[in-house]
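Reading the structure
Chain by chain, the residues run as shown.
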Amino acid sequence: WHMANSINPYENAVKQLRQVGKLLELSEKTVAKLVKPDRVISKEIRVGEKKFLAFRSQHNNARGPYKGGIRFHPGVTEDEVKALSMWMTWKCATVGIPFGGSKGGVVVDPKELSSTELEQLSRGYIKAFIKYLGPRRDVPAPDVNTDGQIMAWMLDEYEKLVGHQEPGVLTGKPIELGGSEGRTEATGLGGFYVLEQLIKKLKIKKENCEIAVQGLGNVGYWFGKLASEAGYKIVAVSDSTGGAHMANGGWQIEKILEY
């Protein structure tokens, strides 16, 4: 679901901000402050002989510490993380969470790394950005191609470097390391709640609703599983390697993931 190269996500985010700024009658001074992130940091992370470009964009912390995920993807760009950090500011403010917006990323295809290299990259990210991170500064989280295991490595590295336990430095970590129950399925569950509200508004009967799930990572899996269990018909699924269609539905998401 990465945007096409012809669309610059940061320019798109700024355009959205200016449109909403007019609707809310924000001053030009306020809009100008919100157009640019407070800070954008780029670093190079070495894993053996390999080098990876990494970013962290900290957009705004007026409401609290910066907060935002870290993604590992070959399509990561500086403009992408700048846009995502801006959108994180709006998301936190909209639902009343006392955080600001940030986002991080590494230009890498994690499928091409061994488990050892993935761990070294994860720890390397913390080493590179540690002076900008912390429970009262900036709190990372999982995002595209990052999960609880990667958060566990990052937490361990952070605690080693600061010399004390600090579980509040990031979210999305395993339950046994102080993670939150429900975090794993939260994003897909949110999508499911939106679907439930949407069919009410459009007056569509659940049994007549056919669904295609694009992407079967953490979000797509939980969305598909919850929708299927609620009686929706999943007729198509896809991921980065391909897709499949079954006109009469009946997909069992767990079986697909297992396969």
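We now turn to the structure provided with this report. Remember, it's a predicted structure, so these values are computed and weren't measured experimentally. (Residues numbered from 1 in each chain as written. Predicted model: local features only at pLDDT ≥ 70, side-chain atom pairs only at ≥ 80, totals over all residues. Heavy atoms only, no water.)

**Description of the overall build of the protein chain**
How we decide: Numbered from the N terminus, helices here are DSSP runs of H or I no shorter than four residues, and strands are runs of E no shorter than two. What the globule rule says is 2.2 Å times the number of residues to the power 0.38, and the radius of gyration is computed from C-alpha atoms. What makes two residues a contact is simply this: any of their non-hydrogen atoms within 4.5 Å. Within this scheme the basic residues Lys and Arg register as positive and the acidic residues Asp and Glu register as negative, but His and the chain ends are omitted. A charge is said to be at NZ when it belongs to Lys, at CZ for Arg, at CG for Asp and at CD for Glu.
Of regular secondary structure, the protein chain possesses eight helices and eight strands. Computed over its C-alpha atoms, the radius of gyration of the protein chain comes to 20 Å, within 12% of the 18 Å expected for a compact globule of 259 residues. Referenced to the eigenvectors of the C-alpha coordinate spread, the extents of the protein chain come out at roughly 55 × 50 × 35 Å. Look at the contacts in the protein chain between residues 6 or more apart in sequence, and 65% of them connect residues 24 or more apart. Taking the average place of the 35 positive charges on the side chains of the protein chain and the average place of its 30 negative ones, the gap between the two points comes to 7 Å.

**Here's the deal with the pairing of strand β4 (residues 100-107)**
To be explicit about the condition: Classification of residues uses two cut-offs on accessible area relative to the type maximum, computed with a 1.4 Å probe and protein chains only: under 20% is buried, over 50% is exposed, and between them is partly exposed. At least two bridges found by DSSP between two strands is the condition for calling them paired. By convention a crossover is right-handed if, when the strands point away from the viewer, the path from the first strand over the helix to the second runs clockwise.
Most of β4 is tucked away, with seven of its eight residues classed as buried. Strand direction decides the pairing type here: strand β2 (residues 50-60) and β4, joined by six bridges, are antiparallel. Its bridge partner being in β4, alanine 54 is matched across the sheet by valine 106. Across six bridges, the pairing between strand β3 (residues 66-73) and β4 is parallel. Each residue of the ladder has a partner; that of arginine 71, found in β4, is glycine 105. Handedness of the crossover joining β3 and β4 through helix α3 (residues 78-94): right-handed.

**Quick look at unusual backbone geometry**
Within the chain, glutamate 25 stands out as a residue other than glycine whose phi angle is a positive 55°. Looking at the secondary structure, you find glutamate 25 in the loop between α1 (9-23) and α2 (28-35). The class for glutamate 25 is exposed, based on a relative accessible area of 72%. Phi is positive for asparagine 145, close to 65°, though the residue is something other than glycine. With respect to the element layout, asparagine 145 can be found in the loop between β5 (138-142) and α5 (148-162).

**Some points on the pairing of strand β8 (residues 242-245)**
In terms of strand pairing, strand β7 (residues 233-239) meets β8 through four bridges, oriented antiparallel. Paired with valine 237 across the strands is alanine 244, a residue of β8. The turn linking β7 back onto β8 is made up of two residues.

**Some thoughts on the sheet that holds strand β1 (residues 39-47)**
Put simply, the test is: Between the N-to-C directions of two axes lies an angle of 0 to 180 degrees, each axis being a line fitted to C-alpha atoms and, for a helix, fitted only over the stretch in contact.
Spatially, five strands are ordered β1-β2-β4-β3-β5 in an open sheet, and the strand pairing comes out mixed. If you trace the sheet from one side to the other, it starts and ends with β1 and β5, each paired once. Averaged over all pairs of adjacent strands, the angle between their axes in this sheet comes to 20°, without regard to strand direction.

**Things to note about the side chain of serine 122**
Formally: Counted as a polar contact is a pair of N or O atoms within 3.5 Å, where, for protein atoms, one must be capable of donating a hydrogen and the other of accepting one, and residues adjacent in sequence contribute only when both atoms are in side chains.
Tracing the backbone shows serine 122 in helix α4 (residues 115-129). A distance of 2.8 Å separates a polar side-chain atom of serine 122 from the backbone oxygen of leucine 118. Contact partners of serine 122, with chain neighbours within four places excluded, come to Phe72, Ile150, Trp153 and Met154.

**Things to note about the pattern of salt bridges**
Inclusion rule: In the sections that follow, a salt bridge refers to a side-chain nitrogen of Lys or Arg positioned within 4 Å of a carboxyl oxygen of Asp or Glu.
Counting across every chain of the model gives 15 salt bridges. Between aspartate 79 and lysine 82 there is a salt bridge; the shortest N-O distance is 3.7 Å. Of this pair, aspartate 79 and lysine 82 both sit in helix α3, separated by three residues, roughly a single helical turn. In this structure, lysine 225 engages glutamate 229 in a salt bridge whose closest nitrogen and oxygen atoms are separated by 2.7 Å. Linking lysine 225 with glutamate 229, this pair stays in helix α7 (residues 218-229), spanning four residues, or about one helical turn. Given the relative accessible area of 15%, lysine 225 is considered buried.

Function cannot be inferred from these measures alone, as they are strictly geometric.
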